[in-house]
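Structural overview for review
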There are 2 protein chains.
Amino acid sequence: MTQPSEKAIVPFVSVDNMMRLVHHVGVEQMLKDLTTYVEEDFRRWELFDKTPRVASHSDVGVIELMPTSDGEAYGFKYVNGHPKNTAEGLQTVTAFGLLADVYTGYPVLLTEMTILTALRTAATSAMVAKYLAPKGADTMAMIGNGAQSEFQTLAMKAILGLKSVRLFDKDPAATAKCAANLADTGIDVVICKSPEEAIEGAQILTTCTADKQNATILSDNMVGAGVHINAIGGDCPGKTELAKGILERSDVFVEFPEQTRIEGEIQQMDPDFAVTEMWQVITGQKQGRQDARQITLFDSVGFAIEDFSALRYIREKVVETPFHEDLDMLADPDDPRDLFGMLQRAKS
Amino acid sequence: MTQPSEKAIVPFVSVDNMMRLVHHVGVEQMLKDLTTYVEEDFRRWELFDKTPRVASHSDVGVIELMPTSDGEAYGFKYVNGHPKNTAEGLQTVTAFGLLADVYTGYPVLLTEMTILTALRTAATSAMVAKYLAPKGADTMAMIGNGAQSEFQTLAMKAILGLKSVRLFDKDPAATAKCAANLADTGIDVVICKSPEEAIEGAQILTTCTADKQNATILSDNMVGAGVHINAIGGDCPGKTELAKGILERSDVFVEFPEQTRIEGEIQQMDPDFAVTEMWQVITGQKQGRQDARQITLFDSVGFAIEDFSALRYIREKVVETPFHEDLDMLADPDDPRDLFGMLQRAKS
């Protein structure tokens, strides 16, 4: 049997290899690198092909495809969201992604994206906080201590120089897990007994809880002037974390308004509620934080361009390393018209 | 390092393993099996989640995602279409597909789909011809002798008992390739010098040419009464193969009208041009061929449900065989909330 040609081979990054790559680069360095890549792509936001995600809903969850393209590369992420999975010992969210060459249509990278999504979400939060958090912010309240909490904390440390994190979760076991995971990272970890205690002295308030329902993790009277709210968990229809009053007092920043109005905290507000697109802040077309007393709010839902940035980074980084396998995924006969002949010759 | 759990592993069928599986089952048997699976899914057409394909166009081609779901399984195909690729020694079309469990959102199969698409396209054509071709049809004109031609011929042999195929292509090398590939299959192969010669005595006229332009492979005066036209190549905007006059004299059968009116031969006709949906013929709600002199026309563009049928078949078939690899594609920590802990433990 003849060997498949080089173009027919797609590099694949397994979960195991992704973890090796993360440790090879270093978690905090990778979060810095990803922040750079995400920021680069936010700068050239306008040239991307932006489609809303393609969702297939069922009673128990959703499966989504999130495609985008910058004209040279095409990427998509497959991601599910099944809140009931946790109780069954499965991940609520699993993901994988693919990058392809627009010129040939051939895939050039297939990779796990469960870990990578956690990293890119944290990198995006930190990239945004760089523009919006009050000067000298060094303390964060982390409300919701699930799978995203350590990544958020380390990204804020790597990019903003965060010194202290104040943890709260309604499940103390989640907080204990997060505190143990952060023990040797150089971050001062404070375990708190209430959301009120967690936000004491914090300039950055990160909410990342998992309930698929309209909840009030932060109520209006809890939030004082001069903070930056990094709202991660309000990310699908019917799932919000903040009291409406907070949104009314904040300047709200979003990724892609069309998607955020459906999935984000602002689904609670009127369709013409004023928001600022982050890419316009990054390109200097709009202002970020304007004064020390302002409340800024990043209503994060996750957008395909952030996954594209992450795929682009992994593709460039992984080729220098052994942390990938070769997948024989594309049929590539010597004569493109002779697919059947290739099949027949494989018999012998 | 702990081993990933069973659910975190996705079976992957490479091109090499797909070819092994085809020969293990037998090409004609697999075409029969796929016909059965496609027909089963056409019977339950109404319960499928039918989304138009999600296309990303560039100057040189298109990359598409084709998702669908029957409520229990979710499938999608990635497929590109780059007509200029052939001249560069690459496939015009490459594809891969994925099947997932709707209940958990976890992928359960990843497979090459370039070969599988060729098989499912031919199986669909034969399934349709079973309902529409004149009784006793045993001769087919095969116009366009590219990558699909041998599969079309063998499917018509396996499902309809085709005895003779009459080949024509404007490139004699393509015809020679097709004739050589069909030499030992028990089919009587006749090499023809013109489309007119190819259709002599044929009850089934299959057109499958590759030009991305409105062409006239069959002109109106070439097509007499009592034939079935299996039009494969008119499958994207601006690409048709049949003279408009033929469509006016034919009863036209389609997969999914919304898609066929954009991509099929009927893009030449008014938006209200009458067509019959094949699933309604198969369930007995509409008539197929009504008399011997009728011209039936299957305006085939390929629909996501056919890919779903093929994915479903491969998933069931491949587990009995060694023709798959295990991909560590889904991060699956013991505690779903402890993704970071899993990453940390992988360091040691």
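Since the structure is predicted, the reported quantities are computational estimates derived from the model, not experimental observations.

Turning to the overall build of chain A, a few remarks are in order. The helix and strand inventory of chain A stands at 11 helices and 18 strands. For the C-alpha atoms alone, the extent of chain A along its principal axes is close to 75 × 45 × 40 Å. Relative to its full complement of 348 residues, chain A shows a buried share of 64%. Taking as baseline every contact in chain A between residues at least 6 positions apart, the subset at least 24 positions apart corresponds to 71%. When the accessible surface of chain A is split by element, carbon and sulfur atoms take 48% of a total near 12,800 Å².

In this section: the sheet that holds strand β9 (residues 164–168) of chain A. Residues and elements named next belong to chain A. The 8 strands are arranged β10-β9-β8-β11-β13-β17-β15-β16 in an open sheet whose pairing can be described as parallel. The open sheet is flanked by β10 (188–191) and β16 (276–277), the only strands paired with a single partner. Bridging between strand β11 (residues 204–207) and strand β13 (residues 228–231) involves 4 bridges; their strand directions are parallel. Directly across from L205, in β13, lies its bridge partner I229. The strands touched by helix α4 (residues 149–160) within the sheet are β8 (139–143), β9, β11 and β13, with β8 carrying the most contacts at an inclination of about 165°. Sheet contacts for helix α5 (residues 172–181): β9 and β10; angle to β9, the most-contacted strand, approximately 160°.

A few words on the interface of chain A and chain B. Taken together, the contact between chain A and chain B spans 76 residues of the former and 76 residues of the latter. Of the roughly 7,000 Å² buried at the junction of chain A and chain B (both faces included), carbon and sulfur atoms supply 69%. It is R337, F340 and L343 of chain A in chain A that bury the most area against chain B; as a group they hold 11% of the surface buried on that side. At the boundary of chain A with chain B, the tally comes to 2 salt bridges. When the shortest N-O distance is used, the salt bridge between D171 of chain B and R337 of chain A registers 2.7 Å. Summed over the shared surface of chain A and chain B, the number is 34 residue pairs in polar contact (both at pLDDT 80 or more). With 6 residues, the single largest contributor to the side of chain A that touches chain B is helix α11 (residues 339–345) of chain A. Tallied by class, the residues present in the side of chain A that touches chain B amount to 42 nonpolar, 19 polar and 15 charged.

Take the sheet that holds strand β16 (residues 276–277) of chain B next. Residues and elements named next belong to chain B. Taking strand neighbours across the sheet as the criterion, the 8 strands line up as β10-β9-β8-β11-β13-β17-β15-β16 in an open arrangement whose pairing is parallel. Each edge of the open sheet carries a strand with a single partner, namely β10 (188–191) and β16. Sheet strands in contact with helix α4 (residues 149–160) are β8 (139–143), β9 (164–168), β11 (204–207) and β13 (228–231), and its direction is about 165° off that of β8. Contacting β9 and β10, helix α5 (residues 172–181) runs over the sheet at an angle of about 160° to β9.

Residue and element names in this part refer to chain A. Inspection of the secondary structure puts N145 in the loop between β8 and α4. Classification of N145 as buried rests on a relative accessible area of 0%. Within the local environment of N145, its side chain forms a polar contact with the backbone oxygen of M142, the two atoms lying 3.0 Å apart. Not counting residues up to four positions away in its chain, the partners in contact with N145 are L167, F168, D169, A174, T175, K177 and C178.

Before going further, it helps to spend a moment on helix α3 (residues 114–132) of chain A. Taking 1.5 Å per residue as the helical rise, α3 of chain A with its 19 residues ought to reach 27 Å, and the 27 Å between its terminal C-alpha atoms agrees with that figure. Within α3 of chain A, 17 of the 19 residues are buried, leaving the element largely enclosed by the surrounding structure.

Let's shift gears to the relation of the copies chain A and chain B. Superposition record for chain A on chain B: RMSD 0.0 Å, screw rotation 180°, translation along axis 0.0 Å. Classification of the inter-copy transformation places it as that of a two-fold axis. The residues that chain A uses at the interface reappear at the interface of chain B in 100% of cases, marking a shared surface.

Our next topic: the pairing of strand β17 (residues 296–299) of chain B. Residue and element names in this part refer to chain B. The side-chain alternation of β17 yields two buried faces, one formed by T296 and F298 and the other by L297 and D299. The sheet contact formed by β13 and β17 spans 4 bridges and is parallel. The partner of A231 across the bridge, within β17, is D299. Taken together, the 3 bridges between strand β15 (residues 251–254) and β17 define a ladder with parallel strand orientation. Opposite F253, over in β17, you have F298 as the bridge partner.

Attention now goes to the nonpolar core. Counting residues in each nonpolar core, the largest one holds 78 residues, and the members touching the most others are M30, I115, L119, M278 and I314 of chain B. If we skip the residues at most four places from it in the chain, M278 of chain B touches F42, V128, Y131, L132, F253, V254 and F298 of chain B. Counting 76 residues, the second-largest nonpolar core is a separate cluster that includes V25, L99, I115 and M127 of chain A.

Residues and elements named next belong to chain B. Two strands pair when backbone bridges link them, and β9 and β10 are joined in this way by 4 bridges, in the parallel orientation. Its bridge partner being in β10, V165 is matched across the sheet by V189. For the segment spanning β9, α5 and β10, crossover handedness is right-handed.

Residue and element names in this part refer to chain A. Domain assignment breaks chain A into domain 1 (6–115 + 305–345) and domain 2 (126–303). Of note, the centres of domain 1 and domain 2, computed from C-alpha atoms alone, are 27 Å apart. Listed by partner, the interface residues are 18 residues for domain 1 and 24 residues for domain 2. Summed over both sides, the interface between domain 1 and domain 2 buries roughly 2,100 Å², with carbon and sulfur atoms accounting for 64% of that surface. Among the residues of domain 1 in contact with domain 2, E28, F42 and W45 are the three that bury the most area, contributing 26% of the side total. Summed over the shared surface of domain 1 and domain 2, the result is 2 salt bridges. Note that E39 is salt-bridged to K130, the shortest N-O span being 2.7 Å. On inspection of domain 1 and its partner domain 2, the count reaches 6 residue pairs in polar contact (both at pLDDT 80 or more).

Each value, and the rule that gives it
- Residues numbered from 1 in each chain as written.
- Chains lettered and ligands numbered in written order.
- Predicted model: local features only at pLDDT ≥ 70, side-chain atom pairs only at ≥ 80, totals over all residues.
- Heavy atoms only, no water.
- Helix = DSSP H or I, 4+ residues; strand = E, 2+ residues; numbered from the N terminus.
- Buried < 20%, exposed > 50% of the residue type's maximum accessible area, 1.4 Å probe, protein only.
- Contact = heavy atoms within 4.5 Å.
- Areas by Shrake-Rupley, 256 points an atom, 1.4 Å probe, with all protein chains shown as cover.
- Pairing = 2+ DSSP bridges.
- Axes fitted to C-alpha atoms, helices over the stretch in contact; angles between N-to-C directions.
- Buried area = accessible area lost by both parts, 1.4 Å probe.
- Salt bridge = Lys/Arg side-chain N within 4 Å of Asp/Glu carboxyl O.
- Polar contact = N/O pair within 3.5 Å; in protein donor to acceptor, adjacent residues only side chain to side chain.
- Nonpolar A, V, L, I, M, F, W, Y, C, P; charged D, E, K, R; others polar.
- Expected span 1.5 Å × (residues − 1).
- Least-squares fit on C-alpha atoms with pLDDT ≥ 70 in both.
- Core = buried A, V, L, I, M, F, W, Y, C linked by side-chain atoms within 4.5 Å.
- Right-handed = clockwise from strand over helix to strand, strands pointing away.
- Domains from an automatic or database assignment.

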